[in-house]
Amino acid sequence: MHHYKAVCFDFDYTLGDCTESIVAGFQYGLSQMGWPVPDREAIRATIGYALEDSYTMLTGDKDPVRRAQFRPYFVSVAVERQRTEATLFPGAVELIRGLNAAGIKTGIVSTKRSDTIGFILERFGLSRELSLVIGGADVKEPKPDPQGLHIAMDRLGVTADQLLFCGDTILDAGAAKNAGCDFAAVLLGTTGADGFSAFSPVHFAPDLWDLASWLGV
């Protein structure tokens with residue numbers, strides 16, 4: 001067992017998969033705003049970023065008014081579908097419960113809406129298993145800003161050296177670095193191991209069974 005007293009996770013492509021509902025939301029929103037509809041893989045590469053930043057990445061449009069206009073279009077299609085269609089990756093339930101059984105606190109720090117994550121966790125019987133869920137609306141600055149992890153540490157009663165953050169993007173890795181905590185790269189998203197070379201993860205997990213084994217749970 002490692003020295004961690006708490007383990008926090010990103011959600012998309014770390015614990016769960018909402019790809020189809022997110023793709024549908026982006027395709028609808030961008031088409032409503034007159035943009036060409038991007039393909040699935042282009043959208044997948046932006047998952048994990050704040051919606052407005054993903055909009056800019058896909059369109060090149062930095063206008064703050066249009067960036068803000070995109071969100072309600074996306075939400076109108078994607079949010080309800082995410083709540084009902086999202087899946088968890090194999091081993092996610094067992095990982096969370098194994099950590100809890102070992103006395104290690106767990107939480108989620110994500111750019112996704114915390115209420116959406118809450119609905120998904122409830123569907124899979126995990127809503128009472130996690131000590132906290134911090135979503136994009138709960139912080140002033142998105143990852144790689146460390147605010148979400150600082151909030152998590154304060155609420156969990158742990159210091160940076162006692163916390164492990166697990167995620168699938170360089171945003172997650174950057175947030176962990178900026179917060180001063182260890183980072184484990186989960187390779188279930190669109191970023192390969194080489195993409196994390198600047199961040200020196202303490203572990204590369206090809207799946208959640210591997211992560212659980214490495215953590216000793």
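A quick note: this is a predicted structure, and the numbers were derived from the prediction, not measured.

Asks: Is there a simple way to think about the pairing of strand β4 (residues 105–109) in this case?
Replies: Two faces belong to every sheet, and in a regular strand the side chains alternate between them. Where burial is concerned, most of β4 is hidden: 4 out of the 5 residues are buried. Pairing of strand β1 (residues 6–9) with β4, which is carried by 4 bridges, proceeds in the parallel orientation. Bridge assignment links A6 to a residue of β4, and that residue is K105. Here β4 runs beside strand β5 (residues 132–134); their pairing, made up of 3 bridges, is parallel. Note on β5: the bridge partner recorded for G107 is L132. Taken together, β4, helix α6 (residues 114–123) and β5 constitute a β-α-β crossover, and its handedness is right-handed.

Asks: Explanation requested: the nonpolar core in the structure shown.
Replies: Buried together is how nonpolar side chains tend to be arranged in soluble globular proteins. Ranked by size, the top nonpolar core spans 43 residues in total, and within it F9, F11, F70, L95, C166, L208 and L211 carry the most contacts. Here this core takes 5 residues from helix α5 (residues 92–101), the largest share from any one element. Those residues in contact with L95 that lie beyond four places of it in its chain are F9, L208, L211, A212, L215 and V217. Listed in part, the 22 residues of the second largest apolar core include V109, A152, A176 and A179.

Asks: Is there a simple way to think about unusual backbone geometry in this case?
Replies: Phi is mostly negative for residues that are not glycine, and the peptide bonds are mostly trans. The omega torsion of the bond from K143 to P144 falls at 20 degrees, within 30 degrees of zero and hence cis. Within the secondary structure layout, P144 lies in the loop between β5 and α7 (147–156). With a phi close to 65 degrees, Y13 is a non-glycine residue in the positive phi region. One can find Y13 in the loop between β1 and β2 (16–17). Among the residues examined, Y13 registers a relative accessible area of 3% and is labelled buried. For S200, which is not glycine, the phi dihedral falls at a positive 50 degrees.

Asks: I tried to follow the sheet that holds β1 on my own but got confused; where do I start?
Replies: Think of a sheet as strands paired side by side through backbone hydrogen bonds, with each pair either parallel or antiparallel. One open sheet accounts for 6 strands, arranged β5-β4-β1-β6-β7-β8; its pairing is parallel. Among the strands making up the open sheet, the edge pair consists of β5 and β8 (203–205). Strand after strand, the sheet turns through a mean of 20 degrees between neighbouring axes, direction not considered. Packed onto the sheet, α5 meets β1 and β4 and runs at close to 160 degrees relative to β1. Along the sheet, α7 makes contact with β1, β4, β5 and β6 (163–167), crossing β5 at roughly 160 degrees.

Asks: Would you explain the pairing of β1 in this entry?
Replies: The alternating pattern of β1 places A6 and C8 on one face and V7 and F9 on the opposite face, and all of these are buried. As paired strands, β1 and β6 are joined by 4 bridges and run parallel to one another. Each bridged residue has a counterpart across the sheet, and for F9 the counterpart in β6 is C166.

Asks: Sorry, what's going on with the pattern of salt bridges here?
Replies: It is possible for side chains of opposite charge to pair when their charged atoms get near one another. Tallied over the entire structure, the rule returns 13 salt bridges. Here K112 and D12 are joined by a salt bridge, their closest N and O atoms 3.0 Å apart. Of this pair, K112 sits in the loop between β4 and α6 while D12 sits in the loop between β1 and β2, and the two are 100 residues apart along the sequence. Of the two residues, K112 and D12, neither departs from the other in class, the shared state being buried. Of the charged contacts, one joins R81 and E85 as a salt bridge, the two residues approaching to 3.0 Å between their closest N and O atoms. Of the two residues, R81 and E85 both sit in helix α4 (residues 64–85), 4 residues apart, roughly one turn of that helix. Judged by its relative accessible area of 38%, E85 is partly exposed.

About the thresholds
- Residues numbered from 1 in each chain as written.
- Predicted model: local features only at pLDDT ≥ 70, side-chain atom pairs only at ≥ 80, totals over all residues.
- Heavy atoms only, no water.
- Buried < 20%, exposed > 50% of the residue type's maximum accessible area, 1.4 Å probe, protein only.
- Helix = DSSP H or I, 4+ residues; strand = E, 2+ residues; numbered from the N terminus.
- Pairing = 2+ DSSP bridges.
- Right-handed = clockwise from strand over helix to strand, strands pointing away.
- Core = buried A, V, L, I, M, F, W, Y, C linked by side-chain atoms within 4.5 Å.
- Contact = heavy atoms within 4.5 Å.
- Axes fitted to C-alpha atoms, helices over the stretch in contact; angles between N-to-C directions.
- Salt bridge = Lys/Arg side-chain N within 4 Å of Asp/Glu carboxyl O.

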